[in-house]
Every structure is written in structure tokens, then in C-alpha cells.
Amino acid sequence: MTATTLVHAPATARPEPVSLGDAFWVWLRIAALSFGGPAGQIAVMHRILVEEKRWIGEHRFLHALNYCMLLPGPEAQQLATYIGWLMHRTRGGIVAGVLFVLPGAVSIMALSWIYALYGRVGIVSALFFGLKCAVLAVVLQAVVRIGGRALKNNTMRALAAMAFILIFFVGMPFPVIVLGAGLVGFLGGRAGMPAFQVGGGHGASKGVHIADADTLLGEELPAHASPTIGQTLRQAVVWLVLWLAPVVALILIAGDGSVFTQIATFFSTMAVVTFGGAYAVLAYVAQQAVESYHWLSPREMLDGLGMAETTPGPLIMVLQFVGFMGAYRHPGLLSPLLAGTIGGLLATWVTFVPCFLWIFLGAPFIERMRGNVALTGALSAITAAVVGVVLNLAVWFAIHTIFRTVHPVATGPFRFDMPVITSVDPWALAIAAAAILAMFRFKVGIFTTLGSAAAMGIALHVVGAIG
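Note that the structure is predicted; figures quoted are calculated from it, not measured.

Participant: So what exactly am I meant to see when it comes to the side chain of His 88 here?
Facilitator: As for its placement among the helices and strands, His 88 is situated in helix α4 (residues 75-118). Within the local environment of His 88, its side chain forms a polar contact with the backbone oxygen of Val 18, the two atoms lying 2.6 Å apart. Beyond its immediate stretch of four places on either side in the chain, His 88 contacts Val 18, Ser 19, Leu 20 and Ala 23.

Now the structure itself:
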């Protein structure tokens, strides 16, 4: 049986309607199992919602995923919100989206407190030393995984290469690169160019596919996919107020110089302009939070990514750690831990509330646009550019993990960090190389690799090899 075969179950096997209460426990289960970055989280959703529960079919699942990949922000959380909305309208979308975020938010907040209080303690520092070295392998795997699906022809490879050059060597803003790629893909897809009809970057599954007609939702357009103008405007107003009211209040009360205002405005801007998934978002955040705002160091950014990789929920929950550390370092009149907690929660709020806006406004229209070639072309080009952006993230992490010293280079239009070769950290290089070998050669899983790397860091501290 081929990977594209649609398997139809007997007519009597179509699932019965599911209440929102029953769906709550399914979404909670998905949230608890959502480790390992967006590809792994999407795979979990596909296994449970398509293959196991048969709430939604293969074609409809991929159509929703393609739309979410075109949006700024975390596509896995937005996909959960989209399917929750399909199942149980706005309430279903809120339940699915909030539950997807909640376990990770609680975990990252707890780890942020531990990091702030004990991160300088030798054994804790050694644990994170090992984790951040292994994170390099995880990001490289993301480059290979997305690239293997997205770079199917020379046009896509050229877009990826150009994106890497522009962001790493020239410092062109990430949103400009991805929006430019999306425009190129949109026009190419609309013109019918074959190079832009290669699909998305995250495959949902291999093997048996479930036909839409054999699922709970079927092939029909739901009634709530035809909202009135009034309903659409109400959705827009409610979610814009929820999102922007805290931002405006902070600007008016605390002023532009407050770290809380900076966190609110920065992550609100990020929620609008960061396309291409979690790893691409992290490339932009690392560039701005580390180099422009100085909220945390490159190595601390890696520590936060290690936290996010080993906890449930969206990988982009690392942004809560970034907001926590930014406010913890600039608490003003508050205690550092209270300021950090507020900063972390604020970053989470302005990152994820816009996701509900994009879904509840856009999903009704997207449900009518299955198979649109211009959207497919834009998705293909954006995904290709994201490969270059994520490669930039991997190189940036490698430079700041393996080398103790870097110096900025500014020659003509080029602006980038050059590592000092003599400052290489042999233990960081060894752990990173071992993690890469484990994941690529021996196919060791993410958790085993990260856990082993953390144990190696602790062992090195015990024997006195690292501080």
C-alpha cells in the first residue's frame, strides 16, 4: 500500500459526535505528550486525532496545517486551536489552544525560578552545559528534516541559500526575508510554476491515510465557517482588546523605558512578524533579545531552549524564559523573582493571544480555499526560506556554544560574528559531536540524547573538568 492510499472504513464505523467535555481530556492528553518541537507535536496530534480518534481526515488536517504554517507564531499550537474550532466552535478552539500551552508554561516557569536561584551552582550549571551542547544536534536535525521535505528543486534550494546569506552575513531582518519569500512563492504559484507546488515542510505521517469522508467531521463545511460580518468584527474586537489592552496600559503607566513595556511591545511585534515556525521564531528572538536588549546571554538562550526541548508544550515556550530573565535582571522596584514571573507571564500572554486572533478570523475563510495554488506556492517558498533561517540559528548556536570568544566583523554590507578559533571549548565540542553522532548515525531519540548530554555535563563537573 502506498503512502498516498486513502483507506475507507466501513460506513457504520464513522465516529459518533464528541462533546466538548470529552474533547477536553483528549486535548489534555495531547498537551501532556507534546514534546520535541513542532514536528513531533504535529505527529502526536495526527496520530491521536486522525489515526486513533478519526475526528478529522488526512486532507483536512494537512489543509489546516498549511494555513498554520503561513501564520506568524507557533504552528503546532495554532493547529490545535484550528481543529478545536472545527470541532466545537470558538470554545473548542480556546480549550484546545490553552491546554496545548498550559503544561509548558507551568514547567518553564518552575525551571526559570530554579535557574534564577541556582543556575550559578556548579552542578546545575553543568547540567545546562550538557543540555545546550546537545541542543545543537536538535536544531541541526530540524534543518535536515525541514530541508528534506522543502528543498525539492533548485529554486527552493536557492531561496534557502539566499535566506541564510541575508540573515547571517548581512543581518537583514528576518520578517523581510520570509515575507519576501512568501511573495515570490505566491506569484510563482499563481503563475502555475511547478517549482512552487511542493507543499509544506512538516509531513504529517507515512503509511495509511484516513479519508475525510470516514471521519467525525466528514467533508462538509461546518456552519460556523460561514460567519456574518458582525460575528467576524466581534471576534476581531475581543481578541485585539485581550491582546493589546495590557500593552497600551503598560505604555501609558510605565513608559517606554520599563522592561515590562519592552517585553510587551517586543513580543507583540514578534507575534505579527515571525513566520515559519518555532525554530525560525527563535532565530529572530535570539538576535534581538541577546544582541539588542541584552536580556540574557547567548549561552543562557541555549539553556532556555534546552528547557523547552525537555518539557511538554510548544518549543516557543522558551520565550517565557526570555521574558522572565529580562525582567529578573531589570526588576525596578519589585523583587527580582516577582518581576521575572510577571515578565515571563507577560511574554506568554502577548505571544499566544494573537494566535487565537489569527485562527478565529482566518479559519472560516481558509476552509473555503482548499487546494488554492497561490497559497501552496507561498507556503513552499516560506518553508524553503525557513530552512536557511533555521540553519542560521544552528550556526549562531554553534558559534556561541563551542567557542568561548567571538568578535564582530563589519566589512561593507556584511555584519556577522566570527569565532576565535583558539577559544574553542573542547568539552563543549565533544558533547555536541557525540549528540550529533547519536541522533544522526544511531537514530537516538531527543530525550535520550538530551538526558545523556546533561549527565555528561554533570560528570565533567564532578571530576573537575568544568566549573
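Participant: Looking at this structure, how should I read the packing of helix α8 (residues 229-254) against helix α9 (residues 259-273)?
Facilitator: Packed helix pairs are specified by the crossing angle of their axes together with the interaxial distance, meaning the distance between the axes. Where α8 contacts α9, the two axes come as close as 9 Å, and the packing angle between them is 145°. Between α8 and α9 lies a crossing of left-handed hand. Of the residues in α9, those in contact with Trp 243, Val 247, Leu 250, Ile 251 and Ala 254 of α8 are Phe 260, Thr 261, Ala 264, Thr 265, Ser 268, Ala 271 and Val 272. Classifying every residue of the contact of α8 with α9 gives nine nonpolar, three polar and no charged.

Participant: What exactly am I supposed to notice about the pattern of salt bridges here?
Facilitator: Side chains that differ in charge, positive against negative, can pair when their charged atoms come close. Scanning all chains against the criterion turns up four salt bridges. Its salt-bridge partner being Glu 52, residue Arg 29 comes within 2.8 Å of it at the nearest N-O pair. Linking Arg 29 in helix α1 (residues 20-33) with Glu 52 in helix α2 (residues 37-52), this pair joins segments that are 23 residues apart in sequence. Residue Arg 29 is classed as partly exposed on the basis of its relative accessible area of 31%. Residue class for Glu 52 comes out partly exposed when judged on its relative accessible area of 40%. For Glu 300, the salt bridge goes to Arg 329, with nearest N and O atoms at 2.5 Å.

Participant: So what exactly am I meant to see when it comes to the packing of α8 against helix α13 (residues 336-366) here?
Facilitator: For the pair α8 and α13, the least separation of the axes is 9 Å and the interaxial angle reads 165°. Classed by the angle they form, the pair α8 and α13 counts as roughly antiparallel. Note that α8 runs across α13; the crossing there is left-handed. Across from Thr 232, Gln 235, Ala 236, Trp 239, Leu 240, Leu 242, Trp 243, Pro 246, Val 247 and Leu 250 in α8, the residues of α13 making contact are Leu 346, Trp 349, Val 350, Val 353, Pro 354, Phe 356, Leu 357, Trp 358, Phe 360 and Leu 361. For the contact of α8 with α13, the residue count by class is 18 nonpolar, two polar and no charged.

Participant: Please clarify how the pairing of strand β4 (residues 414-419) should be interpreted in this entry.
Facilitator: Where a strand is regular, its side chains alternate between the two sheet faces. With six bridges joining them, strand β3 (residues 406-411) and β4 adopt antiparallel strand pairing. Bridge pairing links Val 406 to Pro 419 in β4. With antiparallel pairing between neighbouring strands as the criterion, β3 and β4 make up a hairpin whose turn holds two residues, including Gly 412 at a positive phi of roughly 60°.

Participant: Help me out: how do you make sense of the nonpolar core in this one?
Facilitator: The nonpolar side chains of soluble globular proteins are, as a tendency, buried together. Core analysis: the biggest nonpolar cluster contains 147 residues, and Trp 27, Met 45, Leu 49, Tyr 82, Phe 267 and Phe 397 have the highest contact counts within it. Sorting elements by how many residues they give to this core places α4 first, with 17 residues. With near-sequence residues (within four places) excluded, Tyr 82 lies in contact with His 63, Ala 64, Tyr 67, Cys 68, Ile 359, Ala 363, Ile 366 and Glu 367. Of all hydrophobic cores here, the second largest spans five residues; its members include Phe 164, Phe 168, Ile 399 and Val 409.

Participant: I keep staring at the environment of Gly 97 and nothing clicks. Help me out?
Facilitator: Note that Gly 97 resides in helix α4. The buried category is assigned to Gly 97, whose relative accessible area is 0%. Residues Gly 97 and Val 353, 256 residues apart in the sequence, show an inter-C-alpha distance of 9.6 Å. Once you skip the residues sitting within four places of it in the chain, Gly 97 turns out to touch Gln 77, Thr 81 and Phe 356.

Participant: Even after reading the chapter, I still don't get a nonpolar patch on the surface, so can you show me in this structure?
Facilitator: Side chains of Leu 240, Leu 244, Val 248, Leu 252 and Ile 253 sit close together on the surface and give an oily, nonpolar patch of about 500 Å² of accessible area. The topology assignment puts Ile 253 in helix α8.

Participant: Looking at this model, I keep getting lost on the packing of aromatic side chains. Mind explaining?
Facilitator: Here the distance between the centres and the angle between the planes together describe a pair of aromatic rings. Applying the stated rule across the entire model yields 21 aromatic pairs. Between Phe 24 and Trp 25, the aromatic rings sit 5.1 Å apart at their centres with planes inclined by 85°, giving edge-to-face as the arrangement. Three or more aromatic residues joined by ring pairs form one cluster here, namely Phe 164, Phe 168, Phe 169 and Phe 416. Lying over the aromatic face of Phe 442, Arg 441 brings its terminal NZ or CZ to 5.4 Å of the ring centre.

Participant: Can you help me understand α9 in this one?
Facilitator: Working note: α-helix, 3.6 residues per turn, so residues spaced by three or four point in the same direction. In a regular helix each residue adds 1.5 Å, so 15 residues correspond to 21 Å; α9 covers 21 Å between its end C-alpha atoms and thus fits that length. The buried fraction of α9 amounts to 11 of the 15 residues, a majority that puts the element mostly inside the structure. Val 259, Phe 260, Thr 261, Ile 263, Ala 264, Phe 266, Phe 267, Ser 268, Met 270, Ala 271 and Val 273 are the residues of α9 that are buried. Capping the start of α9, Ser 258 holds a side-chain oxygen 3.1 Å from the backbone nitrogen of Phe 260, two or three residues further along.

Participant: I keep staring at the environment of Leu 179 and nothing clicks. Help me out?
Facilitator: For Leu 179, the position within the fold is in helix α7 (residues 174-190). Sequence separation of Leu 179 and His 461 is 282 residues, and the distance between their C-alpha atoms is 45 Å.

What counts and what doesn't
- Residues numbered from 1 in each chain as written.
- Predicted model: local features only at pLDDT ≥ 70, side-chain atom pairs only at ≥ 80, totals over all residues.
- Heavy atoms only, no water.
- Helix = DSSP H or I, 4+ residues; strand = E, 2+ residues; numbered from the N terminus.
- Polar contact = N/O pair within 3.5 Å; in protein donor to acceptor, adjacent residues only side chain to side chain.
- Contact = heavy atoms within 4.5 Å.
- Axes fitted to C-alpha atoms, helices over the stretch in contact; angles between N-to-C directions.
- Left-handed = near helix turned anticlockwise from the far one by under 90°.
- Nonpolar A, V, L, I, M, F, W, Y, C, P; charged D, E, K, R; others polar.
- Salt bridge = Lys/Arg side-chain N within 4 Å of Asp/Glu carboxyl O.
- Buried < 20%, exposed > 50% of the residue type's maximum accessible area, 1.4 Å probe, protein only.
- Parallel < 35°, antiparallel > 145°, perpendicular 65-115°, else oblique.
- Pairing = 2+ DSSP bridges.
- Core = buried A, V, L, I, M, F, W, Y, C linked by side-chain atoms within 4.5 Å.
- Patch = residues over 30% accessible without salt bridge, like charges linked within 9 Å, V, L, I, M, F, W, Y side chains within 5 Å.
- Areas by Shrake-Rupley, 256 points an atom, 1.4 Å probe, with all protein chains shown as cover.
- Phe/Tyr/Trp six-rings, centres within 6.5 Å; stacked < 30°, edge-to-face > 60°.
- Lys NZ or Arg CZ within 6 Å of the ring centre and 35° of its normal.
- Expected span 1.5 Å × (residues − 1).

So far we have only geometry, and geometry alone does not tell us how the molecule works.
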